[in-house]
Amino acid sequence: MFKLYVAIFLMLLSPALLSAQSTRTKRNVGKIIFATQPFSNGNVSTSKSFTSSDFIYGQLVPNDGKLFNELLDVPGGNKDSTYNEWYLYYNVKVFKNGVIMGNEYSRDYSNKVWSLLNINWNIKALNVDVLPGPENVSTGIGSMLGYNNDPEPVPFYNLIDPVYFPENGKYTIKVEIFDESMDAWGKKNAEEKWPSFQGEFDFIFSNSDIAKLKANRLAVLPKLAEQYKKTRNAQVSKGYADKAKAKAQADNAKVENMQMPESWTAKSQPIGGGFTVDQIKKFFLSETKGKTIVKVFAGVNDGWVVQKDKYGIPTHQYLDQPVVVFFKNTNGQCGSHHISIAQSYIGKGKYNKAGLDFV
């Protein structure tokens, strides 16, 4: 049920399934109230009657003052944080004189799965769009199968069609938002156990508003696309951050489990090539930043090893003696670096003065 970057989808149910659904009752856990202003604006006046020239917004209000998320199956008990991957079902029906509108194939344009953007589920009410204005749109519907696609406006905009509104006059709009709850085994419960919010309002429809309604629907689309793009980018960034954090934790665990090298406890020997410990420290600090030297170790000096090119002519020689600098970073992590002592060949059996370099 839950997918990364899930968006929302619409699906027409078959008449047989719609008929079977109509005989069932979901578990009512709250109501939906309506207003011409988004409920996120603060104290707004609710209404039960609107015209086709109005913008309409809804709010899910749980029964008995419970938190909204107490009534739904929040995945993984994630009740205190934003959860972008969750969706609910959104159902809108149009009635006139008690008769449901639409033909055989469109009568119940239901089971719309929609995704909520950046919602903190630990709230007492949930604000939703019903017929939103382009500047205040916040929720939409889209395809589960292509959940990376940009969403469509919420269902009511898709019902502005002559099959639902064949003439001017008063219609009744019924809205239901519900969740297909699961049992402890992760199996879908019977429909009677699905938590559901319902509400309805009168809708005075006029043909003179059709052009504006269609224009608003098109204006809503880019707003939704922009919002969903930001959400998906945030999810991707969070995914990268989570992976980086996991890698850092794994790397730290490896470091903590590493065995200290023998040179850490072995007795240090005099450094060859004419170098002293102080010279090694000075060279190391000049080549690095943000490191503090803990100790310098020099192993057994096995003399110079000559390196030659393909013609057998010497190119340089290096001192076969391990020289190790143990250090600490500013973040408290420790490490070690090997220093090489070498001389370049200048001809006639002679070499330049020995120099230092990192291995």
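All values reported here derive from a predicted model rather than from experimental measurement. (Residues numbered from 1 in each chain as written. Predicted model: local features only at pLDDT ≥ 70, side-chain atom pairs only at ≥ 80, totals over all residues. Heavy atoms only, no water.)

Next up on the list: the overall build of the protein. Check the secondary structure of the protein and you find four helices and 18 strands. Excluding contacts between residues fewer than 6 apart, the proportion of contacts in the protein whose partners are at least 24 apart in sequence is 70%. Carbon and sulfur atoms provide 51% of the accessible area of the protein, an area that totals close to 20000 Å². (Helix = DSSP H or I, 4+ residues; strand = E, 2+ residues; numbered from the N terminus. Contact = heavy atoms within 4.5 Å. Areas by Shrake-Rupley, 256 points an atom, 1.4 Å probe, with all protein chains shown as cover.)

With three bridges joining them, strand β14 (residues 314-319) and strand β16 (residues 334-347) adopt antiparallel strand pairing. Residue pairing for β16: Y318 is matched across the bridge by A342. Of the strand pairs in this sheet, strand β15 (residues 323-329) and β16 are connected by six bridges, and their pairing is antiparallel. Across the sheet, the residue bridging to F327 is G335, located in β16. (Pairing = 2+ DSSP bridges.)

Among the structural elements, K26 can be located in the loop between α1 (15-22) and β1 (27-35). Non-local contacts of K26, meaning those with residues more than four positions away in its chain, are made with E176, F178, E191, E192, W194 and S196.

Glancing now at the pattern of salt bridges. If you walk through the whole model with that rule in mind, you get five salt bridges. A salt bridge links E191 to K26, with the nearest nitrogen and oxygen atoms 3.2 Å apart. With a gap of 165 residues between them, E191 in the loop between β10 (169-178) and β11 (195-205) and K26 in the loop between α1 and β1 connect regions that are remote in the sequence. A relative accessible area of 14% places K26 in the buried class. Among the ionic pairs, K223 bridges to E135, the shortest N-O distance being 3.8 Å. Taken together, the positions of K223 in helix α3 (residues 210-257) and E135 in the loop between β7 (126-131) and β8 (140-141) put the pair 88 residues apart, joining distant regions of the chain. (Salt bridge = Lys/Arg side-chain N within 4 Å of Asp/Glu carboxyl O. Buried < 20%, exposed > 50% of the residue type's maximum accessible area, 1.4 Å probe, protein only.)

Attention shifts here to the confidence of the model for the protein. Here the protein shows a mean pLDDT of 81. Residues at 70 or above account for 80%. Element-level pLDDT for the protein is lowest in α1, with a mean of 37, against a maximum mean of 98 in strand β2 (residues 49-51). In this model residues 1-23 is a low-confidence stretch, pLDDT under 50, and it forms 67 contacts with partners more than four residues away in sequence or in other chains. When the criterion is pLDDT under 50, residues 75-84 qualifies, and its contacts beyond four places in sequence or with other chains add up to 27 contacts. (pLDDT = per-residue confidence, 0-100.)

Counted by the stated rule, this structure contains 16 aromatic pairs. Centre to centre, the rings of Y89 and F178 are 5.1 Å apart; their planes meet at 10 degrees, and the pair counts as stacked. You can see Y89 sitting in strand β4 (residues 87-96) and its partner F178 sitting in strand β10, a full 89 residues away along the chain. Classification of Y89 by relative accessible area gives buried; the value is 8%. An aromatic cluster is built from F34, F50, F156, F165, Y171, F201, F203 and F205, whose rings are joined through pairwise contacts. Above the ring of F178, the side-chain terminus of K26 is found at 4.4 Å from the ring centroid. The ring of F95 has K174 sitting right over it, with the charged end atom 4.5 Å from the ring centre. (Phe/Tyr/Trp six-rings, centres within 6.5 Å; stacked < 30°, edge-to-face > 60°. Lys NZ or Arg CZ within 6 Å of the ring centre and 35° of its normal.)

To continue, consider the nonpolar core. Core analysis: the biggest nonpolar cluster contains 35 residues, and I56, F156, F165, I173, F201 and F203 have the highest contact counts within it. Elements represented by at least two residues in this core include exactly β1, β3 (56-62), β4, β7, α2 (155-158), β10, β11 and α3. Apart from residues no more than four positions distant in its own chain, F165 is found in contact with V94, F156, L159, I160, Y171, I173, F203 and F205. Listed in part, the 16 residues of the second largest apolar core include F283, V296, I339 and A354. (Core = buried A, V, L, I, M, F, W, Y, C linked by side-chain atoms within 4.5 Å.)

In this section: the side chain of S196. Tracing the backbone shows S196 in strand β11. In this structure the side chain of S196 is engaged in a polar contact, spanning 2.4 Å, whose partner is the side chain of Q198. With residues near it in sequence (within four places) discarded, S196 still touches K26, R27, N28, V29, G30, E176, I177 and F178. (Polar contact = N/O pair within 3.5 Å; in protein donor to acceptor, adjacent residues only side chain to side chain.)

Attention now moves to the environment of G273. By the element assignment, G273 lies in the loop between α3 and α4 (277-287). What makes G273 partly exposed here is its relative accessible area of 35%. Beyond its immediate chain neighbours, meaning those up to four positions away, G273 contacts W304, L319, I341 and A354.

So, about unusual backbone geometry. Phi is mostly negative for residues that are not glycine, and the peptide bonds are mostly trans. Despite not being glycine, N97 has its phi angle at roughly 55 degrees, a positive value. Its location among the elements puts N97 in the loop between β4 and β5 (99-100). Looking at N97, the relative accessible area reads 74%, which means it is exposed.

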